Amino acid sequence: MSPGEKRVPPLGFARVRGVSMTPTLADGDRLLVSYRRAVRRGDLVVARLADGTVAVKRAAERRTTRDGSPAWWLLSDNADEGVDSRHRGPVADRDVIAVTVARLWPHPRRL
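Here goes a summary of the coordinates provided. (Residues numbered from 1 in each chain as written. Predicted model: local features only at pLDDT ≥ 70, side-chain atom pairs only at ≥ 80, totals over all residues. Heavy atoms only, no water.)

**Section: unusual backbone geometry**
- Here Thr22 and Pro23 are connected by a cis peptide whose omega angle stands at 10°.
- Along the chain, Pro23 falls in the loop between strand S1 (11-15) and strand S2 (30-34).
- Cis geometry is found at the peptide bond from Trp105 to Pro106, where omega equals 10°.
- Position of Pro106 among the secondary structure elements: in the loop between strand S7 (96-105) and strand S8 (109-110). (Helix = DSSP H or I, 4+ residues; strand = E, 2+ residues; numbered from the N terminus.)

**Brief notes about the pattern of salt bridges**
- Enumeration over the complete set of coordinates arrives at 6 salt bridges.
- The salt bridge involving Arg103 is made with Asp29; its shortest N-O contact spans 3.3 Å. Here Asp29 lies in the loop between S1 and S2 and Arg103 lies in strand S7, a separation of 74 residues in the sequence. Note on accessibility: Arg103 and Asp29 belong to one class, buried.
- The salt bridge involving Asp84 is made with Arg86; its shortest N-O contact spans 2.8 Å.
- Look at Asp84 and you get buried, because its relative accessible area is 0%. (Salt bridge = Lys/Arg side-chain N within 4 Å of Asp/Glu carboxyl O. Buried < 20%, exposed > 50% of the residue type's maximum accessible area, 1.4 Å probe, protein only.)

Structure representation (structure tokens):
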């Protein structure tokens, strides 16, 4: 590792807030996330939206940002709730923070 380079931990945790991902996830669910896993279409990801909000969304398809950077079109599973790419546009790859691996609580299962 070169000087100044940040070491990214392989795994972390996230907590769901709100109902934008129901029925897949519920408010209060605890998730195991991977900071190193490559995003694939259909994955649930943790991302920083254009307004700075960090949220769990579904990676629907590849897009590009206005400046041509590679990006993901992210959607809520519950289209009537929450904010996603329909409101904020594509999310640049650098702002997709992690890929969810499993729900740990309250009902553990792979995602």
